[in-house]
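Notes for the structure review
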Amino acid sequence: MALTPEELKEQIRLAKEHAETLDKVKTAQERLRASAIETLAALERQQAAVEGQAYSAEKAIAQQEIKLGIERQHLELLRAADAPNQAAINAQRLLVDQLERGTNALKESVKAAGDLGKGLSGAFKLSGIGGFSEKLTGVVSALRGGSTGAFEFLNTLSSGVFTAVIDNMAGLVVSLVDTESAFRKSTGASKAYARGVTETYGATRLYGVSAEEASAATMSLYRSFTDFTLSSRRVRAELAETASVLGELGVSNEAFAQTTQIATKMLGVSAGQMRNTSREIATYAQEMNMDIGQMFQQLGQAGPQLAKYGNQGIDTFKRLQHVFKITGLEMNKVLQMTSRFDTFEGAAKQAGMLNAALGSNMVNAMSLMQETDPVARFQMLRNAILDTGLTFDKMSYYQKNFYKDALGLSDVGDLAMMLSGDMRNLAGATQRTSQEWAVFKHQAQQVQSLQEQFQALIASLTPMLTTFMGVIKGIANWLSKHPAVLKTVIGLLVTFKVVMTAVAIKATLMQAGLMAGAGGMAAVGAAAPAAAAGGVALSNAITMVGLAATGSMLGIGLITAAFTAMAVALLAVVPAAASLGNVFSLFGNAENFTTAVAGIKAIKAELTDMPDGTLELTQAMNSVAVAAQAADQSAALINMISQLSAGGLGGGAGGGGPVHGTIDVRFNNEMFEANVVDIIGGKVTDLYTKLRGKQGH
């Protein structure tokens, strides 16, 4: 069917409009290619700049990210080609996906390596190994980073160890000063005795003794051993060291101090011999498999009863401990039973009762009275009963009670224990040679946990700087007498911090401006020279606006279908603009920004024309106004910024800091087809409908 002239004319018109639409699409593609090429050039410049930096984990990550960005732009160029090659696009997309996974893995491994290095370096701090075992779980992740992960691990480890060494030396000085002060505060002792605490710590810290434990050992001796202050410095140091090391093996400071007092005052041991005596007792306890701390405690308690044995008191005590180990009969009960034979009357009475129970003259009262060793008396009484063939189990009810009274025991249970066991067991333990003192120091070191051993090793390698301790103490004392000096110093430091903070903010803004793409400054570039007269701070503020607008300006010239990608890019504007308000409050002057307003309005005008749903720069500028007003800025500045948001979407929340990094704006075929073509096609349809409507009328 032939077309009428009108229909043919309409088809020609529609074809022409379709051709125009295709031209617009082609123009959009060309702009998209130009944007990709421009971004690619910027990435290549960044790549060249990074190459010149010294090697670091940050550099390796930056290189990987730049490489990823370059390949992404190559993918965009393939998609924007006049005749896209789908096979090439698929291959490039696969390469981009691989680079993304590799970049993420590198970041993860570098972070794991850094955490591992920090965790291990924490082991070198005297304050503790916080999270040491937890950090080891990151070893596998750290190793995935290869040489970069290894570099980051060594970097963080070396930095952490260096920091730990400095902290340890400074912290140890302060800790020892505090420990000496606490010792003097608790005892009222002189500086010389307080310095003995530090010397004791220095001599025993390899064995797990802390400064506090050294202080506690010295304090117990100072309070309980009356001859401590009368002894020489060498003897005092030896006693404090002995108490500290034995403290790691379970001997309480109080028990050692009390034993020292008993041994030196009642048992014929001098203060200088106390270490050897302690070695003897500790060796015997270990040979008997008995608690060392308990044995020292019992010796201190039994001192008055053992005093009558003089310089044989220690040997007597050891044999009594042997009786206790074999029979379970406590030492004080053995002494109570055998002391009944100290007088003729007591010996005759007890021997008579016992012989009556035995039915024969098995016990000689004179022999028992002449034997002064309590253990020997105990053996004579015990053997007198056992030699008859009678055991506790074979005794009748009345026999048990009779023997209990004859021996002067408190109950039948004590009789059972007295007759139990074989006294030949462990009989040679009392004759064995005492172990060397070095053995006990080694034992004290070995009983520490793995963490405590490592801490002790680090402590022993840390210089104590005792000379510097006096300097620190002197400075503190001088400052306490001159508080005005400290007040002035604090004021100067606070002022310095404020100035350095302002400089840091300024440097951060300058760096952010240098990182921004050149395209982002197009709208405000003309305004910047005139505003520069207001000072460097103003230039930094304008640079911040350029940074915020960089991502958005990449898509300003595109067809309105690009609003989806523009909204993503402009999300960075809000915190950046809010930060701009903070810059105004720090450095700005309202009059200096008059010329800049025109340039910012140019950005706002282009964004305002975009379809509904776009995050306009208006919103960001409203956030600036709110931030500026909150900072109590001048009315002129608030009004000037408010001009930018006239007719906008309303204010957003202020706050936020400078935005760093690159805004990634990507356009793919799916977005282009879904937005560009559909929207333009929709406009063509609307236009065609309107024309048909007019013809119908």
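This section reports on the structure supplied with the text.

1. Things to note about the pattern of salt bridges
Tallied over the full model, the rule gives 15 salt bridges. Measuring nitrogen to oxygen at the nearest pair gives 3.1 Å for the salt bridge that ties Lys333 to Asp414. Of this pair, Lys333 sits in helix α15 (residues 331-338) while Asp414 sits in helix α20 (residues 412-418), and the two are 81 residues apart along the sequence. For Lys333, a relative accessible area of 25% gives the class partly exposed. A relative accessible area of 3% means that Asp414 is categorised as buried. Taken together, the salt bridges that share partners define one network made up of Glu241, Arg275 and Lys441.

2. Looking at the nonpolar core
Core analysis: the biggest nonpolar cluster contains 77 residues, and Leu221, Leu239, Phe256, Leu354, Leu381 and Leu407 have the highest contact counts within it. Considering each element in turn, this core owes the most residues, six residues, to helix α9 (residues 233-247). In this structure Leu354 touches Val363, Leu381, Ile385, Tyr403, Ala406 and Leu407, once residues within four positions along its chain are discounted. Among the nonpolar cores identified, the runner-up in size contains eight residues, and Leu172, Val209, Ala211 and Met464 belong to it.

3. Re the environment of Gly428
Looking at where Gly428 falls in the secondary structure, it is placed in the loop between α20 and α21 (437-446). According to the relative accessible area criterion, Gly428 is partly exposed, its value standing at 38%.

4. Let's talk about the packing of aromatic side chains
Evaluated as defined, the whole model comprises five aromatic pairs. Ring geometry for Phe183 and Tyr222: centres 6.0 Å apart, planes at 75°, overall edge-to-face. With Phe183 in helix α6 (residues 146-187) and Tyr222 in helix α8 (residues 211-224), this pair connects stretches of sequence that are 39 residues apart. Taking the centre distance of 5.7 Å and the plane angle of 65° together, the rings of Tyr193 and Tyr222 count as edge-to-face. Here the residue Tyr193 occupies a position in helix α7 (residues 191-204), and Tyr222 occupies one in helix α8, the gap between them amounting to 29 residues. You can call Tyr193 buried: its relative accessible area is 18%. Grouped by ring-pair contacts, the aromatic residues Phe183, Tyr193 and Tyr222 constitute a single cluster. In this structure, Lys400 is placed above the aromatic ring of Phe392, and the distance from its NZ or CZ to the ring centre is 4.3 Å.

Calculation criteria
- Residues numbered from 1 in each chain as written.
- Predicted model: local features only at pLDDT ≥ 70, side-chain atom pairs only at ≥ 80, totals over all residues.
- Heavy atoms only, no water.
- Salt bridge = Lys/Arg side-chain N within 4 Å of Asp/Glu carboxyl O.
- Helix = DSSP H or I, 4+ residues; strand = E, 2+ residues; numbered from the N terminus.
- Buried < 20%, exposed > 50% of the residue type's maximum accessible area, 1.4 Å probe, protein only.
- Core = buried A, V, L, I, M, F, W, Y, C linked by side-chain atoms within 4.5 Å.
- Contact = heavy atoms within 4.5 Å.
- Phe/Tyr/Trp six-rings, centres within 6.5 Å; stacked < 30°, edge-to-face > 60°.
- Lys NZ or Arg CZ within 6 Å of the ring centre and 35° of its normal.

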